[in-house]
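Below are the chains, spelled out letter by letter.
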Amino acid sequence: MSAPAQRYDGRPRLLSNQARSITEHAKAVGALPTSVVPQLIDMITASGLRGRGGGWFPSGRKIASVAGRANPYVVVNGMESEPAAGKDKLLLRLAPHLVLDGAELAALALDADRVTVAVHRDTGLARHMMNAIADRVAAGWGKVEIDVSEPPNWYVSSESTAVASFVGGGEAKPKADSARVSGVNGRPTLVSNVETFAHIALIGRYGPNWFRQAGTGDSPGTALFTVSGAVRSPGVYELPVGITGETILRVANGVREPISALLVGGYGGAWIPPTQLHRPFSPEGLEPLGASLGAGIVVALPARTCGLFETVRVATWMAEQSAKQCGPCFRGLPAIAEDFALIAREGSRKAYERLRFRLGVINGRGACAHPDGVVKFVDSALKTFALDIRRHLSGQLCPGGPRVLPIPELPNESEGWQ
């Protein structure tokens, strides 16, 4: 496990730039540093930045895989489909120009002539970003054309190939040949998360060594954590990568009641027990638990809420959110959710045995990573709530307790995927 890098003064880096107008933004961080464009990819690589959209893939390798290819395209993924997340929406509202700076610098480094910002429709973010873009044009900022796209509100529509497909005029569904470089109309395309581009904007200004002052050797920098559940002060916090779970809860003013688990990473993430709060919350720190930081979601589950029923609610919603392109999603995910529901509500041993079998055969066989995320989430529930499972299987059923995890309404089927 990597030791922390250089000393970090603890001040926010992304959220401190609450400059909604281009004039305020210029006063806060200065002009767009176009002089660094020839070195930008090397700077990103040296910084050790890893994508903050969920996968935590090295950003330098990702952008380098597009560099030098003809007719490139840049997409800012601001979809944020995870219901318990709020970091990207907040960042776009508080610091839109920081995000757009990073996207424009990346586009200039790749020699791309266009950037598209993708946000879910009906959130108000599209108009907000179009106003920010118009503000930049009026102020004479920018050499790259930037527009906004509004894919539908399906969970899987935020996957990189789904976003690229929609931007190119297709359906917002993941493609079976999912790759880190996802093409818009066959063009080599860089698709990265909102927070990732904001970090690129600061790396371009202050350099890779400055970025490495926070975080760990393997995962440098700060990250935005959306903390909710049984904490006294839910919200989005910018903290160094590698901070412990205990410290994250303490920053949110502690828990207001006993907790039985933490959901880490989101609905494609994992439950972990409170006994693991001492661990560094970094990709390498959480890996031994089968967990990951994902989209920076941390939900403290109250002990009076049954984790089995919360898992059923999420698994059912995730099954309904699939693109229904393959058997593991179309048939497997509803079956997993139904089996888990029978365990929680009836204590069915047959459902428990079926579930364990299905988790093994579904994992890794989907057309995209959506079924893998559900399998990971449900499997973590079997481990973290093992005592509750035994109680339910022995006939000691519970009423479930108060609901904690947000479950949005499903998009209208008439909305389709375009």
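From a predicted model like this one, the values you see are computed outputs, not experimental measurements. (Residues numbered from 1 in each chain as written. Predicted model: local features only at pLDDT ≥ 70, side-chain atom pairs only at ≥ 80, totals over all residues. Heavy atoms only, no water.)

Details of the confidence of the model for the protein chain
Fine structural detail should not be taken from predicted coordinates in areas where pLDDT scores are low.
Inference 1: Of all residues in the protein chain, 97% have pLDDT values of 70 or greater, and the mean over the chain is 93.
Inference 2: Counting interchain partners and residues more than four positions distant, the pLDDT-below-50 stretch residues 1-6 has 18 contacts. (pLDDT = per-residue confidence, 0-100. Contact = heavy atoms within 4.5 Å.)

A short note on the layout of surface pockets
If a probe as big as a water molecule is rolled over the atoms, it shows which places are left empty.
Inference 1: One number sums up the size of the largest pocket: a volume of about 1500 Å³.
Inference 2: Together, 48 residues line the largest pocket, and Gly 53, Gly 54, Gly 55, Trp 56 and Glu 159 are the ones closest to its centre.
Inference 3: Taken together, the elements giving at least two residues each to the lining of the largest pocket come down to α3 (59-64), α4 (87-94), β4 (189-193), α11 (283-286) and α15 (370-384).
Inference 4: Examining the composition of the lining of the largest pocket, we find that 4 residues originate from one element, α15, more than from any other.
Inference 5: Tallied by class, the residues present in the lining of the largest pocket amount to 15 nonpolar, 20 polar and 13 charged. (1 Å grid on protein atoms, 1.4 Å probe; cavity = no way out; pocket = protein on both sides within 12 Å on 5 of 7 lines; lining within 4 Å. Points joined across faces, edges and corners; volume = space filled by probe spheres on them. Helix = DSSP H or I, 4+ residues; strand = E, 2+ residues; numbered from the N terminus. Nonpolar A, V, L, I, M, F, W, Y, C, P; charged D, E, K, R; others polar.)

Thoughts on empty space enclosed by the protein
Inference 1: Evaluation of the coordinates by the stated rule reveals 3 cavities of 30 Å³ or more.
Inference 2: Empty space within the largest cavity amounts to approximately 60 Å³.
Inference 3: Surrounding the largest cavity, Val 156, Pro 174, Ala 323, Lys 324, Gln 325, Cys 326, Cys 329, Gly 366, Ala 367, Cys 368 and Pro 371 form its lining.
Inference 4: Within the lining of the largest cavity, the residues separate by chemical class into 8 nonpolar, 2 polar and 1 charged.

Observations concerning helix α8 (residues 194-206)
Inference 1: Over its 13 residues, α8 runs 19 Å from end to end, which matches the ideal 18 Å to within 8%, given 1.5 Å per residue.
Inference 2: Between the side-chain oxygen of the N-cap and the backbone nitrogen of Glu 195 there are 2.8 Å, and the N-cap of α8 in question is Asn 193.
Inference 3: Once α8 ends, the next one or two residues include Gly 207, with phi positive near 95 degrees. (Expected span 1.5 Å × (residues − 1). Polar contact = N/O pair within 3.5 Å; in protein donor to acceptor, adjacent residues only side chain to side chain.)

Some thoughts on the side chain of Thr 305
Inference 1: Relative to the helices and strands, Thr 305 is located in the loop between β9 (297-302) and α12 (307-320).
Inference 2: Residue Thr 305 is classed as buried on the basis of its relative accessible area, which comes to 2%.
Inference 3: Only 2.7 Å separates the side chain of Thr 305 from the backbone oxygen of Pro 402, close enough to count as a polar contact.
Inference 4: Setting aside its immediate chain neighbours within four residues, Thr 305 contacts Ser 260, Glu 310, Gly 400, Gly 401, Pro 402 and Val 404. (Buried < 20%, exposed > 50% of the residue type's maximum accessible area, 1.4 Å probe, protein only.)

Some details on the sheet that holds strand β1 (residues 73-77)
Inference 1: If you walk across this open sheet you meet the 4 strands as β3-β2-β1-β4, and the pairing is parallel. Each edge of the open sheet is held by one strand with a lone partner, namely β3 (145-149) and β4. On average, each strand axis in the sheet is tilted by 20 degrees relative to the strand beside it, whichever way the strands run.
Inference 2: Here β1 pairs with strand β2 (residues 114-118) via 4 bridges, running parallel. (Pairing = 2+ DSSP bridges. Axes fitted to C-alpha atoms, helices over the stretch in contact; angles between N-to-C directions.)

Structural notes on α4
Residues that lie three or four places apart on an α-helix share one face, since the helix turns once every 3.6 residues.
Inference 1: Looking at α4, one finds that the buried residues are Lys 87, Asp 88, Leu 91, Leu 92 and Leu 94.
Inference 2: Buried residues along α4 sit against α5 (96-110), α6 (125-138), β4, α8, β5 (222-229) and β6 (235-240).

Focus: the environment of Ala 31
Inference 1: As for its placement among the helices and strands, Ala 31 is situated in the loop between α1 (22-29) and α2 (40-47).
Inference 2: Using a relative accessible area of 56% as the deciding quantity, one classes Ala 31 as exposed.

Some thoughts on the nonpolar core
What tends to happen in soluble globular proteins is that the nonpolar side chains get buried as a cluster.
Inference 1: Val 74, Val 76, Leu 91, Val 99, Val 115, Leu 190 and Phe 197 are the most contacted members of the largest nonpolar core, which totals 49 residues.
Inference 2: Within the residue set of this core, elements represented by two or more residues are α2, β1, α4, α5, β2, α6 and α8.
Inference 3: When neighbours within four sequence positions are excluded, Leu 190 is seen to be in contact with Lys 62, Ile 63, Val 66, Tyr 73, Val 74, Val 75, Ala 106, Leu 110 and Phe 197.
Inference 4: Core analysis: the next-biggest nonpolar cluster, separate from the first, contains 48 residues, Cys 329, Leu 359, Ile 362 and Val 378 among them. (Core = buried A, V, L, I, M, F, W, Y, C linked by side-chain atoms within 4.5 Å.)

A closer look at the sheet that holds strand β7 (residues 259-264)
Inference 1: In spatial order, the strands read β6-β5-β9-β7-β8; together these 5 strands make up an open sheet with mixed pairing. The open sheet has two free edges, formed respectively by β6 and β8 (270-272), since each of these has just one partner strand. Here the average twist between neighbouring strands, direction ignored, is 30 degrees.
Inference 2: Here β5 pairs with β9 via 4 bridges, running parallel. Looking at the pairing, Val 227 lines up with Val 298 of β9.

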